[in-house]
Amino acid sequence: MGKPMAFAKSRRLRVLLTVVIILAVLCGVLIFIWNFYLITSVTVSGNSHYTDDEIKDMVFTGPYSYNSIVLSLMYRNKSIEDIPFIEKIDVDILGADSVKINVFEKAVAGYVEYLGHYMYFDKDGIVVESSNRVIEGIPFVTGLSYDYVVLHKPLPVKKSSVFLTILNVTQLLGKYDIETDRIAFDSDDNITLYFGDARVSLGTDDFIDEKINEMHLLLPQLTGYSGTLHMENYAGEDVNFSFDMDKEDVPGEDTEEDPEEESE
C-alpha cells in the first residue's frame, strides 16, 4: 500500500510543479508582451477643438488600452464617433510602441445663439452641434433671421448663400490671422465685423477679399478707439475710408484727430 500512495503523491507533485511552471511561463510571456507592446509614443493630428490630452482620453479608455495589441483589436476597422465637433477618430498602429491618432473634425463655419444654446453650423448652414460652451476661433454670427433650429438640419434662413459668405469671410480672417468678436448681418445682407469697441462696416460681399486685405492693414490703428470704420464704398480702386468716432474718445489719451486712413 505504501508504494501506490507514494507514487500518487509524487504524481500530484509533478502535476503541480508542471502547472506552476506553465503559469510562470505564461506570466513571463504576458509580461514580455505587455512591456514590448506598451505604447510610449502617441501622435495626434487634425484636432483644434480638443487638446491632445483630451483626444488621448477618448481613445485610451482603460489601462489595458495602452497595449498596442489590445488597441488594435479595439479599433480594428472601427472609428470613434458621436463626439461633439468631431466626425470621427481613426487609430493607426505604427509599431509595437507607437500609435497615430487621426482626428477628422466637422467643418464649422460659425455659430448662432438660440434658446440659451450655441448652435454651430457648417458651410452649408447645417447645424452640426449644439453646445453650452463657446469654442474659440469660431465666429459668432448675428442678424440671421430664422424661426427655429433643428440639429443636423439647415438653418431656415431666406438666402442660403449667406453661409458661403460667412465661410469666405471666416477663411479670409484666418488667412490674415484676424479674430473678430462677431460677424453681423443687417436686413440688406451688409456685413459688419466687431473688434472690441471698434467696428468695421464692409457692406455687401462685393470685393470682400480686397476689403479684408485693406482692413487687416488698418486694424492696428483702431486699437483703443471706439467707433465704425466705413469700407462699404470700396470698389476695387483707391478710396478714403472714414472712421466715425463714438461719443467719447479713449480716456487718458490725446487723440485730436479721428483715425481716418487711406488705402494704398
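Let me sum up the structure you'll find in this document. These numbers come from a predicted model, not from an experiment. Each residue is numbered by its place in its chain's sequence as written, counting from 1. Given that the model is predicted, a residue must reach a pLDDT of at least 70 before its local features are reported, and side-chain atom pairs must reach 80 or more before they are shown or counted; all residues, however, enter totals for whole chains, interfaces and linings. Note that water and hydrogens are dropped before the side-chain values are worked out from all heavy atoms of the structure.

Numbering goes from the N terminus for both helices and strands, where a helix is a DSSP run of H or I of at least four residues and a strand is a run of E of at least two. In this structure, Lys106 sits in the loop between β3 (98-105) and β4 (110-114). A simple rule labels every residue: compare its accessible area, found with a 1.4 Å probe on the protein chains alone, to the largest value its type can have, and call it buried under 20%, exposed over 50%, or partly exposed in between. You can call Lys106 buried: its relative accessible area is 18%. For the purposes of these results, a polar contact is taken to be a pair of N or O atoms within 3.5 Å, where, inside protein, one atom must be able to donate a hydrogen and its partner to accept one; residues adjacent in sequence count only when each atom of the pair is a side-chain atom. Polar side-chain contacts of Lys106 include one of 3.5 Å to the backbone oxygen of Val128. Any two residues whose heavy atoms approach within 4.5 Å at even a single point are treated as in contact. Residues in contact with Lys106, not counting those within four places in the same chain, are His49, Phe85, Ile86, Glu87, Val128 and Glu129.

Bringing the packing of aromatic side chains into the picture now. Centres within 6.5 Å are what make two rings of Phe, Tyr or Trp a pair, Trp counting through its six-membered ring; a difference in plane orientation under 30 degrees is then read as stacked, over 60 as edge-to-face, and the rest as tilted. Overall, the coordinates contain eleven aromatic pairs when judged by the stated rule. Centre to centre, the rings of Phe207 and Tyr234 are 6.1 Å apart; their planes meet at 80°, and the pair counts as edge-to-face. Highlighted residues: Phe207 in the loop between β10 (198-203) and α5 (208-218) and Tyr234 in the loop between β11 (227-230) and β12 (240-245), separated in sequence by 27 residues. Overall, Phe207 belongs to the partly exposed group, its relative accessible area being 38%. Residue Tyr234 is classed as buried on the basis of its relative accessible area of 10%. Three or more aromatic residues link up through ring pairs in this structure, and these residues are Phe85, Tyr111, Tyr118, Tyr120 and Phe140. For the cation-ring pair, Lys88 lies above Phe104, with the distance from its terminal atom to the ring centre recorded as 5.2 Å. In this scheme, Lys NZ or Arg CZ marks a charge over a ring once it lies within 6 Å of the ring centre and within 35 degrees of the ring normal.

All right, on to α5 then. What α5 keeps buried is the set Ile208, Lys211, Ile212, Glu214, Met215 and Leu218. Take α5 and look down its axis: the buried residues cluster within an arc of 160°, on one side only. The arc in question is formed by the directions pointing from the helix axis toward the C-beta atoms.

On to the pattern of salt bridges. One speaks of a salt bridge when a side-chain nitrogen belonging to Lys or Arg is within 4 Å of a carboxyl oxygen belonging to Asp or Glu. Evaluation of the coordinates by the stated rule reveals five salt bridges. The closest approach of N and O atoms between Lys123 and Asp124, which form a salt bridge, is 3.3 Å. A relative accessible area of 45% places Asp124 in the partly exposed class. The salt bridge partner of Asp189 is Lys159, with a shortest N-O separation of 3.2 Å. Remark: Lys159 occurs in the loop between β7 (141-142) and α4 (161-175) and Asp189 occurs in the loop between β8 (182-185) and β9 (191-195); sequence separation between them is 30 residues.

Attention shifts here to the nonpolar core. Among the nonpolar cores identified, the biggest contains 39 residues, and Leu144, Ile166, Leu193, Val200, Leu202 and Met215 are the most heavily contacted of them. Listing elements by their share of this core, those giving two or more residues are β5 (117-121), α4, β8, β9, β10, α5 and β12. For this core, the leading source of residues is α4, giving seven residues. Leaving out residues up to four positions away in the same chain, Val200 has contacts with Ile191, Thr192, Leu193, Phe195, Met215, Leu219, Leu222, Leu229 and Met231. We define the nonpolar core as a collection of buried residues of types Ala, Val, Leu, Ile, Met, Phe, Trp, Tyr and Cys that are connected through side-chain atoms lying within 4.5 Å of one another.

Turning to the pairing of strand β6 (residues 127-131), a few remarks are in order. Here β6 lies mainly inside the structure; four of its five residues are buried. With four bridges connecting them, β5 and β6 associate as antiparallel partners. By the bridge assignment, Tyr120 is partnered in β6 with Glu129. Only strands joined by at least two bridges in the DSSP assignment are considered to pair. If you look at the hairpin formed by β5 and β6, you'll find five residues sitting between the two strands, and Gly125 has a positive phi there, around 80°.

Quick look at the sheet that holds strand β2 (residues 86-93) now. Spatially, β1-β3-β2 is the arrangement adopted by the three strands of the open sheet, whose pairing is mixed. Strands with a single pairing partner mark the edges of an open sheet, and in this sheet they are β1 (41-45) and β2. Each strand of the sheet is rotated relative to its neighbour by a mean of 15°, with strand direction disregarded. With five bridges connecting them, β1 and β3 associate as parallel partners. Note that in β3 the partner of Val44 across the bridge is Ile101. In this analysis an axis means a line fitted to C-alpha atoms, helices contributing only their contacting stretch, and an angle means the value between N-to-C directions, from 0 to 180 degrees. Relative to the sheet, helix α2 (residues 52-59) contacts β1, β2 and β3, its axis offset from that of β2 by approximately 75°.

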